[in-house]
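Residues per chain are reported as follows:
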8 protein chains.
Amino acid sequence: TRRGVPEAILAEGKTPAEVGSLAVTAVETAGRALVTRAEHAHRDAVEGAVANAHPEADVVVDERSRVVVVHALDFEPPALDATVGLVSAGTSDAVPLGEADAVASEMGADVRRVEDVGVASIARLLDRVDDLRACDVVVVAAGREGALPTVVAGLLDAPVIGLPVSTGYGHGGEGEAAMLGMLQSCTVLSAVNVDAGFVAGAQAGLIARRIDAARAE
Amino acid sequence: TRRGVPEAILAEGKTPAEVGSLAVTAVETAGRALVTRAEHAHRDAVEGAVANAHPEADVVVDERSRVVVVHALDFEPPALDATVGLVSAGTSDAVPLGEADAVASEMGADVRRVEDVGVASIARLLDRVDDLRACDVVVVAAGREGALPTVVAGLLDAPVIGLPVSTGYGHGGEGEAAMLGMLQSCTVLSAVNVDAGFVAGAQAGLIARRIDAARAE
Amino acid sequence: TRRGVPEAILAEGKTPAEVGSLAVTAVETAGRALVTRAEHAHRDAVEGAVANAHPEADVVVDERSRVVVVHALDFEPPALDATVGLVSAGTSDAVPLGEADAVASEMGADVRRVEDVGVASIARLLDRVDDLRACDVVVVAAGREGALPTVVAGLLDAPVIGLPVSTGYGHGGEGEAAMLGMLQSCTVLSAVNVDAGFVAGAQAGLIARRIDAARAE
Amino acid sequence: TRRGVPEAILAEGKTPAEVGSLAVTAVETAGRALVTRAEHAHRDAVEGAVANAHPEADVVVDERSRVVVVHALDFEPPALDATVGLVSAGTSDAVPLGEADAVASEMGADVRRVEDVGVASIARLLDRVDDLRACDVVVVAAGREGALPTVVAGLLDAPVIGLPVSTGYGHGGEGEAAMLGMLQSCTVLSAVNVDAGFVAGAQAGLIARRIDAARAE
Amino acid sequence: TRRGVPEAILAEGKTPAEVGSLAVTAVETAGRALVTRAEHAHRDAVEGAVANAHPEADVVVDERSRVVVVHALDFEPPALDATVGLVSAGTSDAVPLGEADAVASEMGADVRRVEDVGVASIARLLDRVDDLRACDVVVVAAGREGALPTVVAGLLDAPVIGLPVSTGYGHGGEGEAAMLGMLQSCTVLSAVNVDAGFVAGAQAGLIARRIDAARAE
Amino acid sequence: TRRGVPEAILAEGKTPAEVGSLAVTAVETAGRALVTRAEHAHRDAVEGAVANAHPEADVVVDERSRVVVVHALDFEPPALDATVGLVSAGTSDAVPLGEADAVASEMGADVRRVEDVGVASIARLLDRVDDLRACDVVVVAAGREGALPTVVAGLLDAPVIGLPVSTGYGHGGEGEAAMLGMLQSCTVLSAVNVDAGFVAGAQAGLIARRIDAARAE
Amino acid sequence: TRRGVPEAILAEGKTPAEVGSLAVTAVETAGRALVTRAEHAHRDAVEGAVANAHPEADVVVDERSRVVVVHALDFEPPALDATVGLVSAGTSDAVPLGEADAVASEMGADVRRVEDVGVASIARLLDRVDDLRACDVVVVAAGREGALPTVVAGLLDAPVIGLPVSTGYGHGGEGEAAMLGMLQSCTVLSAVNVDAGFVAGAQAGLIARRIDAARAE
Amino acid sequence: TRRGVPEAILAEGKTPAEVGSLAVTAVETAGRALVTRAEHAHRDAVEGAVANAHPEADVVVDERSRVVVVHALDFEPPALDATVGLVSAGTSDAVPLGEADAVASEMGADVRRVEDVGVASIARLLDRVDDLRACDVVVVAAGREGALPTVVAGLLDAPVIGLPVSTGYGHGGEGEAAMLGMLQSCTVLSAVNVDAGFVAGAQAGLIARRIDAARAE
Ligand SMILES: Nc1ncnc2c1ncn2[C@@H]1O[C@H](COP(=O)(O)O)[C@@H](O)[C@H]1O
Ligand SMILES: Nc1ncnc2c1ncn2[C@@H]1O[C@H](COP(=O)(O)O)[C@@H](O)[C@H]1O
Ligand SMILES: Nc1ncnc2c1ncn2[C@@H]1O[C@H](COP(=O)(O)O)[C@@H](O)[C@H]1O
Ligand SMILES: Nc1ncnc2c1ncn2[C@@H]1O[C@H](COP(=O)(O)O)[C@@H](O)[C@H]1O
Ligand SMILES: [Mg+2]
Ligand SMILES: [Mg+2]
Ligand SMILES: [Mg+2]
Ligand SMILES: [Mg+2]
Ligand SMILES: [Mg+2]
Ligand SMILES: [Mg+2]
Ligand SMILES: [Mg+2]
Ligand SMILES: [Mg+2]
């Protein structure tokens, strides 16, 4: 676990058996496993392989975001004195937002989610600003035109990380519009690649670790 | 003047002499001339050529938007009972917004401008919503990530026309991010090409003409 | 239903069960549901879920455009005194044109369709111009080179909304050629994204609502 | 002169002196020179160099299309019994159309021009169809959305060669929209690259040569 | 059959039943049907539908190019006094080359094929040049870098039509490299879109018709 | 100064007079001005305008990075207990790195620069790792293939912000290769747009402010 | 076998039967067959067809890289006095690296593999530099940001061939980031197309053949 | 001079004074300087600065390729027993070919040039094949469709390095067509970026060094 970032196993493009076996190895070498983009067959394979090799280990599946987290019996999760906000425009941002949640949580951050506050109905977002003001760093996921991180960054003091999501269609619909929108943002923010929820959550986790350390000084 | 849309002379890529002579011809055949993207030399040439051929004609130059409008002495401008709103995110949107203003005004619409209300400071936009609620159709210009039309369309009942502006830099900075953002907008709107202020204003003018006619029925 | 635009459920990428349940919720909260890009399984699921929860509701399926509309027993559809024209180049434009039809109709507009008048046989289009002259606003769908909206806008006084369709192949065949053609159009028009029939129809509906209101003044 | 196609000297990117000297060499080796995209300085240099080396040679400059043609005193131009039609949408297509004219004429074809018949005013085109029906092959130049070749090909029996022109602006404005439109054309035609008037005219000339030979059989 | 070009039915994206029924209609209205990109199920459906409705009609299936041609009993195919050459770089060009063959043959041209003469082994091409010199117009199909049309056009007097094929992989492998190569060709030629064998063959057919008419004068 | 980020004046595309007057206004309203991408004429204009209006103000010009900073006599710069590292691959990264330096410094961060440690000579980078280990957040600028941020992030615990620079040539040379490389990075990092030194420095400054606040708790 | 490069059969897009029959033909005409991108069905078909036609031939299947090599009983493989290094960033580069291995080995080179030395952990690479210093030419495969060839070329004297791999996701993830990164490399190297392991290995083999010949002089 | 490759000074984008001073430093530290893309002012500045600081040094300017080479009085150029072939399609490839020549020569290779053998006249190339057969490695420069390296590699045993040149126009004319063509080549070769003559020559030089060493063993 370099930099406190858990090694993740990207299930997409791997067979269920491969993923199951990689998960067991991760539990043995690092005390835990984090599997992303897991289809049903991948989840079953992880549950089966872990149950077999380490029946006492703890397996948590998040259906919506397709993430599986496994902890060895004696794994001691870190706990940081720092809060990561996770914001989404709509329900279709759930997969990358859930990946960001999983990795930031595994890094020990206190995670706070604010969902379904897309820019089409700006009032819903304004209602939740106070929740976000309490966060040390905020990841904002948005598809289509990807405008939400710009608006959020204009309302907060904390650093914002934009997470473009591939939920459009037609011209620019594979997340390019959202990606370009975040790179062109007229408020200060940095961004990760399309659907890279793992990266966004880990970058937020790295910032949270620094803040936690500063608080502990 | 097909559909009430004045024939415009795009000065860019033409010599001052050519533009001057085209303007005189337009005044003679259509009663008026509308010149866009005019540099100083183009403006001087138009003023000179018109002063020479039609000393009594009226020439109005808009420095900021680089538009020149010429009316023959006896030109009777149309007047519509319909309002076109023109919204911009920032000062760099002035050229295309001014083109839209000129053409919509020439078509007879009552034009109302709401400027500098970019999404980075959402409060400034909310302060002006009432002004916009009075419009029959609204053109919204925005560069960078081009998010403003989406937010405006979420606040209004009137149809919105997105006008992407080429004011970014780096990846997607020639207006592509703004263009794609408007095409992917999660609120209903239609769009015109990058920097096509003339087209946006004329489309708004066509809608205003229909509404004016309906009011007159 | 913001701005009179019915919330649509995009079936693509959702399971039949999800779509069925979203449709029931929509009927309960908004009095109606509009489902687009519905495969057979989606249609069956909607019919089943609605029959179960609201046996008296009215379900209409349009096979060709893959749209399903559900009205609660007591839903009172709006009726506008305004006409939306819908034009298509060929039979492969039927899906987006049907989406535009459904949403404009649901918004209360009087819809008039003129189909199969592509620019390859210009005479067929000229035969139908009088039908189109009676419309307040016209949506024109075209794939391949997408030239039809330009030609139509050159023949009419009403505003035209271009709707590019992804029916080409090879270089530019996913609708890019049609999309770019409409953005570059040498007659005034605005456009929506590739295959965005819902957006085109809704934008036409918003214009129709303004015209209806003006007629009623 | 391979295939009867005169070697052309593309002045763009060359110094006037280079172009002048290349022109003299061409006159000496091939009996003639054809210079395209010549600025004033290039034209002067060609006139000067030819006047010096071959005072009796014939130099013809076409201001509008920036083409210079030089014939040695004893050059015997070919004459074909075949007609090439050259169609343009607007005045900004003059440079590539003029290049096509020069090369087809030099190859001996009988050239017939039909200009300013863009698709925005379809009636102007229909008025000229009879002129075009007399041609053996037709080159159609168009910028912006490039729809004209499609419409022309739908009206004629002769083969059509599309010539996209870089006269747009914004997204797709360097001729990509026109290029893609011609490749996606829903009527049968072939195309050349953006602004490649020389190539379009030469391809038409090659077809004219075959037809002339067939007539002579 | 406009311009002598048979209306083709593109099977791709249609159900077998639809294609079968379209084929029967074509036979009834035009005396023949030409189906391209037909999978096995499409071919079976066409054979079945035709056998049922017009048992005496003639159905020819070309396995390699996935083309089906149906002639009514009394259909009188045209015959032109003109030769179309069809050249391919490799075996993977067979589908578009076969489409070009079918349409040019149906238009009545005398078709001559020269296959597997890609530029990697230039000697194989040089061996076949005499065969090609006898053609009135030549279609050259090539994938990967698409260089073959350039080389062929440098060896022949006849007009050449480039047909890019989508047989590459990686960067530029969907036919873009071949398409761009033909547009940039340093010998004179025109081109059609990627995999547009039908268009290339029909354009060759249109030229052949003109030459046939000229021979008959 | 939202979020402690100084409003910056982008000189590019503005006249010297405009920039001078904007700088004076900024000094009057915010106590300071930060001008980026200033040519000589812009710098002279700022110095002149400030000298005139506020002769006692402090003007600092950084030739290499084309940044000008103006402080009013009574401006009290913030000071943070947090360190921002700034790393560059080569000398051509100086402009964006200098922008990042200026804004992070103006936000009060302690800035540490490590320059000319591109991946072509990995040893030079390894020699400087200890300097970087002392930083709370690190901005890494790199052009060409943009690999440096990936390597740096693999060596440090602190969060890394990638800053792609437009210093390549040929295919991907406007910074696209560097931009894509950072988005695809196989170590965790976030990125800003090409040449967006201001944004990178400000994002680092926002993180530094949070850490400073945490240290102060 | 031109230039000593074995003709390869690309199984992708061919039926198992076709591949089996092509392999038998290759064994008969060239003494060996090299099949790439073979799925299980392709491998079975090759084994079956060869077992049937040439039971004494030698068939070697490499599961990981999906390559099958067949040698006729009397095939005498070449042996070169030259070493080709093959380097990979991670396990997902195995397919193209294995193709490169197969073809370089078949050309007779002495192949040395150094795997899993991606730039995220630079120390792992530095540990293996001595192994690479012994090679005459080195192929370096890398996906994601594709930085590894640049770093390797900075450490070695031998020529380096970059092999981009399509193992990213999101923006630039089909190997474009890696491809562009190698073309922009700030150390000297040449590159092949995305996933073109066969080409990279063959180019290395051609260099090895020249070096072997030089050693033999 | 890493790997024997001389550090080159790219004059483009630098002031004459900077280039002059960099050249003097290079002569002092490495015994020589290699300046590419030098305009007249750059050349004058180099000549002046060197004449001043090291009057005895040797300065060679190549007008056509805009390269300047400076050798200190006591610089001992390397000499390799290996031949690099340099092939070009046309005169406009002279700049990158000259860069390749300069760097390969400075690395000590024996350079042989074969120019103006573009694929439009295949016979000219075939006449020169014997010259090329004597080379150990061959760089092939080509613009437009960039087909020449493919054809050359089909005729030779030696490794070929493709060098795409930005000499087209229109769609794909900035060297993309040539670049993609080389990446898609149906004969084995590797490539460098557009106009990267320096890189191509240096890669050939690295191969020549290996061969020279092998000959010396
Ligand atoms: N959902 C995800 N999004 C982005 N990166 C991921 C994701 N899951 C895993 N990764 C990264 O990909 C690496 C695993 O790649 P692989 O070796 O192909 O399984 C991990 O070390 C993570 O850095
Ligand atoms: N066929 C369609 N084309 C374009 N937009 C649509 C379509 N159907 C639904 N939408 C829009 O997409 C939204 C639904 O997205 P979702 O929440 O993913 O179901 C609706 O509110 C509409 O604004
Ligand atoms: N205006 C033009 N458009 C397209 N191709 C041209 C044009 N003028 C010249 N050419 C072609 O470019 C070649 C000249 O290129 P160059 O050797 O650079 O002068 C000629 O042989 C023609 O094939
Ligand atoms: N894995 C591979 N990667 C790149 N090129 C390949 C590969 N396998 C085969 N080839 C090339 O593709 C040609 C075969 O193409 P085909 O005729 O379609 O089988 C061979 O001659 C090789 O030059
Ligand atoms: Mg959004
Ligand atoms: Mg904006
Ligand atoms: Mg159309
Ligand atoms: Mg046009
Ligand atoms: Mg080829
Ligand atoms: Mg770098
Ligand atoms: Mg890598
Ligand atoms: Mg070439």
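Residues numbered from 1 in each chain as written. Chains lettered and ligands numbered in written order. Predicted model: local features only at pLDDT ≥ 70, side-chain atom pairs only at ≥ 80, totals over all residues. Heavy atoms only, no water.

Chemist: Teacher, can you tell me more about the relation of the copies chain B and chain C here?
Modeler: Two chain copies here: they are related by a rotation about an axis and a translation along the same axis. At an RMSD of 0.0 Å, chain B and chain C line up after a rotation of 180 degrees and a shift of 0.0 Å along the axis. Look at the turn and shift together and you get a two-fold axis relating the two. A share of 100% of the interface residues of chain B reappears at the interface of chain C, consistent with the copies meeting face to face through the same patch. (Least-squares fit on C-alpha atoms with pLDDT ≥ 70 in both. Contact = heavy atoms within 4.5 Å.)

Chemist: Even after reading the chapter, I still don't get the interface of chain A and chain B, so can you show me in this structure?
Modeler: Frequently, the measure chosen for interface size is the accessible area that the parts lose on association. With 25 residues of chain A at the interface, the matching set in chain B holds 25 residues. When the two sides are added together, the surface that chain A and chain B hide from each other amounts to roughly 2,100 Å², 67% of it contributed by carbon and sulfur. The interface formed by chain A and chain B holds 0 salt bridges in total. Our count for the chain A to chain B interface comes out at 14 residue pairs in polar contact (both at pLDDT 80 or more). Contributions of two or more residues to the side of chain A that touches chain B are made by helix H4 (122-126), helix H6 (148-153) and helix H7 (176-183) of chain A. Per element, the largest residue contribution to the side of chain A that touches chain B is 4 residues, and it comes from H7(A). Within the side of chain A that touches chain B, the residues separate by chemical class into 12 nonpolar, 11 polar and 2 charged. (Buried area = accessible area lost by both parts, 1.4 Å probe. Salt bridge = Lys/Arg side-chain N within 4 Å of Asp/Glu carboxyl O. Polar contact = N/O pair within 3.5 Å; in protein donor to acceptor, adjacent residues only side chain to side chain. Helix = DSSP H or I, 4+ residues; strand = E, 2+ residues; numbered from the N terminus. Nonpolar A, V, L, I, M, F, W, Y, C, P; charged D, E, K, R; others polar.)

Chemist: Would you explain helix H2 (residues 40-53) of chain G in this entry?
Modeler: Owing to its 3.6 residues per turn, the α-helix aligns residues three or four sequence positions apart on the same side. All names here are of chain G. Helix length check: H2, at 14 residues, gives a terminal C-alpha distance of 20 Å against a target of 20 Å (1.5 Å per residue), a fit within 8%. Looking at H2, one finds that the buried residues are His-42, Arg-43, Ala-45, Val-46 and Val-50. In an axial view of H2, the angular spread of the buried residues amounts to 165 degrees, which keeps them on one side of the axis. Facing away from the buried surface of H2 by more than 90 degrees, the exposed residues are His-40 and Asn-52. Residues of H2 that are buried make contact with helix H1 (16-30), strand E2 (32-36), strand E3 (58-62) and strand E4 (67-71). (Expected span 1.5 Å × (residues − 1). Buried < 20%, exposed > 50% of the residue type's maximum accessible area, 1.4 Å probe, protein only. Arc of directions from axis to C-beta.)

Chemist: Please clarify how the relation of the copies chain A and chain B should be interpreted in this entry.
Modeler: Rotating chain A by 180 degrees and translating it 0.0 Å along the rotation axis places it on chain B, where the RMSD comes to 0.0 Å. Mapped onto chain B, 100% of the interface residues of chain A again fall at the interface, so both copies present the same surface.

Chemist: Sorry if this is basic, but what is going on with the packing of aromatic side chains here?
Modeler: Centre distance and the angle of the planes are the two values used to describe a pair of aromatic rings. Tallied over the entire structure, the rule returns 0 aromatic pairs over all chains. Over the aromatic face of Tyr169(G) sits the side chain of Arg37(A), whose NZ or CZ is 4.9 Å from the ring centroid. (Phe/Tyr/Trp six-rings, centres within 6.5 Å; stacked < 30°, edge-to-face > 60°. Lys NZ or Arg CZ within 6 Å of the ring centre and 35° of its normal.)

Chemist: It is not clear to me how the side chain of Thr150(E) should be interpreted in this structure. Could you clarify?
Modeler: Locating Thr150(E) in the fold gives a position in helix H6 (residues 148-153). Judged by its relative accessible area of 1%, Thr150(E) falls in the buried class. If near-sequence neighbours (up to four positions away) are discounted, Thr150(E) is found in contact with Ser185(E), Cys186(E), Thr187(E), Leu189(E), Val119(H) and Glu145(H).

Chemist: What's the story with the pairing of strand E2 (residues 32-36) of chain A in this structure? I'm lost.
Modeler: Note on strand geometry: in a regular strand, side chains alternate between the two faces of the sheet. Residues and elements named next belong to chain A. Burial of E2 is extensive: 5 of the 5 residues sit out of reach of the surface. Burial along E2 is two-sided: Arg-32, Leu-34 and Thr-36 facing one way and Ala-33 and Val-35 facing the other are all buried. Sheet topology places strand E1 (residues 8-10) next to E2; 3 bridges connect them, and they run parallel. When the bridges of E2 are listed, Ala-8 appears paired with Leu-34. Between the parallel pair E1 and E2, the chain is carried across by helix H1 (residues 16-30), and the sense of this crossover is right-handed. (Pairing = 2+ DSSP bridges. Right-handed = clockwise from strand over helix to strand, strands pointing away.)

Chemist: What exactly am I supposed to notice about the site of ligand 1 here?
Modeler: Taken together, Glu7(A), Ala8(A), Leu10(A), Lys14(A), Thr36(A), Arg37(A), Glu99(A), Phe198(A) and Tyr169(G) make up the full set of residues adjacent to ligand 1. The residues that come close to ligand 1 belong to more than one chain, namely chains A and G. Here an oxygen atom of ligand 1 and a side-chain polar atom of Lys14(A) are 2.7 Å apart. In this structure, Glu99(A) approaches ligand 1 through a side-chain N or O atom, which is 2.8 Å from a nitrogen atom. Taken by itself ligand 1 offers 500 Å² of open surface, and the protein chains cover 77% of this. Class assignment of the residues belonging to the shell around ligand 1 gives a composition of 4 nonpolar, 1 polar and 4 charged. (Near = heavy atom within 4 Å. Areas by Shrake-Rupley, 256 points an atom, 1.4 Å probe, with all protein chains shown as cover.)

Chemist: I would appreciate a short explanation of the domain arrangement of chain A in the present structure.
Modeler: Residues and elements named next belong to chain A. As assigned here, chain A comprises domain 1 (2-71) and domain 2 (83-216). Centre-to-centre, using C-alpha coordinates, domain 1 lies 25 Å away from domain 2. If you look at the interface, domain 1 gives 15 residues, while domain 2 gives 17 residues. Here domain 1 and domain 2 share an interface that buries about 1,300 Å² over both sides, 60% of which is from carbon and sulfur atoms. In terms of surface lost to domain 2, no three residues of domain 1 exceed Arg-3, Arg-37 and Arg-64, which account for 36% of the buried area on that side. Where domain 1 meets domain 2, there are 3 salt bridges. One salt bridge connects Arg-64 with Glu-115, and the closest N-O pair in it is separated by 3.4 Å. Seen at the junction of domain 1 and domain 2, the total is 6 residue pairs in polar contact (both at pLDDT 80 or more). Residue assignment for the side of domain 1 that touches domain 2 shows that the elements contributing at least two residues are E2 and strand E4 (67-71). For the side of domain 1 that touches domain 2, the per-class residue count stands at 6 nonpolar, 4 polar and 5 charged. (Domains from an automatic or database assignment.)

Chemist: Sorry if this is basic, but what is going on with the pattern of salt bridges here?
Modeler: When the charged atoms of two side chains lie near each other, side chains of opposite charge can form a pair. Tallied over the full model, the rule gives 104 salt bridges over all chains. Residues Asp136(H) and Arg210(G) are paired through a salt bridge, measuring 3.1 Å at the closest nitrogen-oxygen approach. Taken together, the residues span two chains, with Asp136(H) in the loop between helix H5 (129-133) and strand E7 (137-142) and Arg210(G) in helix H8 (residues 197-216). Residues joined by salt bridges that share partners form a network here, namely Arg64(A), Asp101(A), Arg113(A) and Glu115(A).

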